[in-house]
Amino acid sequence: MKIYAKVGESFQQIGGECPKNHIEMNTPRPGEFYKATPTGDWEKDIIAEFKASRPGAVNNIKVTIDGMTFDGDETSQTRMARAITASSSDTETTLWVLADDSKATVTIEQLKRALRAAGEEQTRLWIPAQN
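Residues numbered from 1 in each chain as written. Predicted model: local features only at pLDDT ≥ 70, side-chain atom pairs only at ≥ 80, totals over all residues. Heavy atoms only, no water.

A look at the packing of helix α1 (residues 46–59) against helix α3 (residues 108–126)
Phase 1: Two elements in contact, α1 and α3, have axes separated by 9 Å at closest approach and are oriented at 160°. Comparing their axes, α3 and α1 come out roughly antiparallel. Of the two elements, α1 crosses α3, and the hand of that crossing is right-handed. Mapping the contact onto sequence places F50, R54, P55, A57 and V58 in α1 and Q122, L125 and W126 in α3. (Axes fitted to C-alpha atoms, helices over the stretch in contact; angles between N-to-C directions. Helix = DSSP H or I, 4+ residues; strand = E, 2+ residues; numbered from the N terminus. Parallel < 35°, antiparallel > 145°, perpendicular 65-115°, else oblique. Left-handed = near helix turned anticlockwise from the far one by under 90°. Contact = heavy atoms within 4.5 Å.)

Okay, here's the thing in structure tokens:
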């Protein structure tokens, strides 16, 4: 059975007539993150793979501040930002649930540092490393 794909894309059509602007591929696509080349081979699309991995990595961010480990996913960052915005001073305290589900009384200053660390880690995860 013939396999067709558009150069630079990962979609493949199996069987039938070759669609316009597509080429016949030499083999079936070997995995989710492969795109067609002009020679009819597949090459790994490392950018697409990287982009697909980011949300899961961000969901697992953990940061440790003063011996306390905070969840650093986007929802937790939003909660930290709300607590910081609503506070009247950096020394104000609030009850917080840490990453291990234990409860701790934390200062707004500690939440600010946790938020900054989580945001920095998210940026590191979101932007591909330069080779």
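Observations concerning the pattern of salt bridges
Phase 1: Counted according to the given criterion, the structure contains 8 salt bridges.
Phase 2: Here K44 and E49 are joined by a salt bridge, their closest N and O atoms 3.5 Å apart.
Phase 3: One salt bridge connects D66 with R113, and the closest N-O pair in it is separated by 2.6 Å. Of this pair, D66 sits in the loop between β6 (62–65) and β7 (68–71) while R113 sits in helix α3, and the two are 47 residues apart along the sequence.
Phase 4: Under the relative-accessibility criterion, R113 is labelled partly exposed at 32%. (Salt bridge = Lys/Arg side-chain N within 4 Å of Asp/Glu carboxyl O. Buried < 20%, exposed > 50% of the residue type's maximum accessible area, 1.4 Å probe, protein only.)

Here's the deal with unusual backbone geometry
Phase 1: Residue N21 is not a glycine yet carries a positive backbone phi of 65°.
Phase 2: With respect to the helices, strands and loops of the structure, N21 is situated in the loop between β2 (12–14) and β3 (23–24).
Phase 3: Classification of N21 by relative accessible area gives exposed; the value is 55%.
Phase 4: If you check the backbone angles, D101 has positive phi at about 70° while not being a glycine.
Phase 5: With respect to the element layout, D101 can be found in the loop between β8 (93–97) and β9 (103–107).
Phase 6: For D101, a relative accessible area of 61% corresponds to the exposed category.

Brief notes about the pairing of β7
Phase 1: Alternating residues of β7 divide into M68 and F70, all buried, and T69 and D71, none buried.
Phase 2: Pairing geometry for β6 and β7, over 4 bridges, is antiparallel. From the neighbouring strand, V63 faces β7, where its bridge partner is F70.
Phase 3: Taken together, β6 and the strand that follows it, β7, pair antiparallel across an intervening segment of 2 residues, in which D66 is found at a positive phi of about 50°. (Pairing = 2+ DSSP bridges.)

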